[in-house]
Amino acid sequence: MKTWDSFYDFVAPDLPGCPFAAIDVALRQAAIDFCSQSLAWKYTHPDIAVTAGTASYNFVPPDQAVVHAVTYAEFEGSEIDCHTAESGIQIYNWRNQTGTPEYVLGGATALQLVPNPAANGTLKLEVALKPSPTATGIDDDIFNEYRDAMVHGAFGRLMASPKKPYTQLQLATYHQQQFTVLTGQAGMRQARNYTRAPLRTTINARGR
């Protein structure tokens, strides 16, 4: 994992007088926004042992990360649809139904299978992660590949702060625009490269 101070050489020189604690907060929020919007931080979730009659299961993300979205799911080798809202479910009276799961609803900390599973089985997931609200850094690969986007995001936030030595509203707008552009490009890249083959992205325990 790359801790937030790994960004300092790219951020601090242009923010005279900005406390490092404020830089850390801005970088964390920029990383959360980037990962949420681009879905670039992919992760193969540990298999979930499904028990008949139990529809809800907690996510098990890596340390300092949370699951933002389920991007692919299969139950007992058959693909099932991924949704974040109940409106996407096309099963009448689904709350009272049991059977082979056809949908997975991703929530903030847990998922729900629809309909309620009638038999035991194995659920395989691929998910998009984002840093947790208390994360002290970001995955090495995401840092190496998308550092510039997160730097722009942090600049956009901090330079828009009122009455600071580093307040530069015009530059803040520029950096916000660059963040939007780079995040959009990362999202399109993920869409083009999407594959249902098992992913191998994991948290790297090495130091900076």
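Our subject is the structure that appears above.
Residues numbered from 1 in each chain as written. Predicted model: local features only at pLDDT ≥ 70, side-chain atom pairs only at ≥ 80, totals over all residues. Heavy atoms only, no water.

Undergrad: Would you take a moment to explain the nonpolar core for this structure?
TA: Taken as a class, soluble globular proteins show a tendency for nonpolar side chains to be buried jointly. Counting 48 residues, the largest nonpolar core has F7, L15, F34, L111, L123, L125 and I138 as the members making the most contacts within it. Elements that contribute at least two residues to this core include exactly α1 (8-11), α2 (20-38), β2 (42-50), β4 (65-75), β8 (110-114), β10 (121-131), α3 (140-158) and α4 (169-193). Broken down by element, this core gets its largest block of residues, 9 residues, from α3. When near neighbours in sequence (up to four residues on either side) are disregarded, I138 contacts M1, K2, W4, F7, A31, C35, W41, P131 and F143. Counting residues in hydrophobic clusters, the runner-up holds 6 residues, among them I91, W94, Y103 and L105. (Core = buried A, V, L, I, M, F, W, Y, C linked by side-chain atoms within 4.5 Å. Buried < 20%, exposed > 50% of the residue type's maximum accessible area, 1.4 Å probe, protein only. Helix = DSSP H or I, 4+ residues; strand = E, 2+ residues; numbered from the N terminus. Contact = heavy atoms within 4.5 Å.)

Undergrad: Would you explain α2 in this entry?
TA: Within an α-helix, residues lying three or four positions from one another point in the same direction, as the helix has 3.6 residues per turn. For α2, spanning 19 residues, the distance from its first C-alpha to its last is 26 Å, which sits close to the expected 27 Å at 1.5 Å a residue. L39 sits one or two positions beyond α2 and adopts a positive phi of about 60 degrees. (Expected span 1.5 Å × (residues − 1).)

Undergrad: Even after reading the chapter, I still don't get the pattern of salt bridges, so can you show me in this structure?
TA: Should the charged atoms of two oppositely charged side chains come close, the side chains can pair. Within the structure shown, the criterion is met by 4 salt bridges. Salt-bridge contacts for D33 lead to R157; the nearest nitrogen and oxygen are separated by 2.8 Å. Taken together, the residues span a long stretch of sequence, with D33 in helix α2 and R157 in helix α3 at a distance of 124 residues. The class for R157 is partly exposed, based on a relative accessible area of 40%. The partner of E145 in a salt bridge is R189, and the shortest N-O contact between them spans 2.5 Å. Taken together, the residues span a long stretch of sequence, with E145 in helix α3 and R189 in helix α4 at a distance of 44 residues. Owing to a relative accessible area of 32%, R189 belongs among the partly exposed residues under this scheme. (Salt bridge = Lys/Arg side-chain N within 4 Å of Asp/Glu carboxyl O.)

Undergrad: Hey, could you run me through the sheet that holds β2 in this one?
TA: Hydrogen bonds along the backbone pair up the strands of a sheet, which may run parallel or antiparallel. Pairing within the open sheet is mixed, and its 7 strands lie in the order β2-β10-β4-β5-β7-β8-β3. Each edge of the open sheet is held by one strand with a lone partner, namely β2 and β3 (56-58). Taken pair by pair, the neighbouring strands of this sheet meet at an average axis angle of 30 degrees, ignoring direction. One ladder, built from 3 bridges, connects β4 with strand β5 (residues 78-83); its direction is antiparallel. Each residue of the ladder has a partner; that of E74, found in β5, is E79. (Pairing = 2+ DSSP bridges. Axes fitted to C-alpha atoms, helices over the stretch in contact; angles between N-to-C directions.)

Undergrad: When you look at the packing of α2 against α3 in this model, what are you seeing that I'm missing?
TA: Axis separation between α2 and α3 bottoms out at 8 Å; the angle between their running directions is 120 degrees. Classified by the angle between their axes, α2 and α3 sit oblique to one another. For the pair α2 and α3, the sense of crossing is right-handed. Facing α2, whose interface residues are A22, I23, A26, L27, Q29, A30, A31, D33 and F34, α3 presents I142, Y146, A149, M150, G153, A154, R157 and L158. Its residues placed into classes, the contact of α2 with α3 shows 13 nonpolar, 2 polar and 2 charged. (Parallel < 35°, antiparallel > 145°, perpendicular 65-115°, else oblique. Left-handed = near helix turned anticlockwise from the far one by under 90°. Nonpolar A, V, L, I, M, F, W, Y, C, P; charged D, E, K, R; others polar.)

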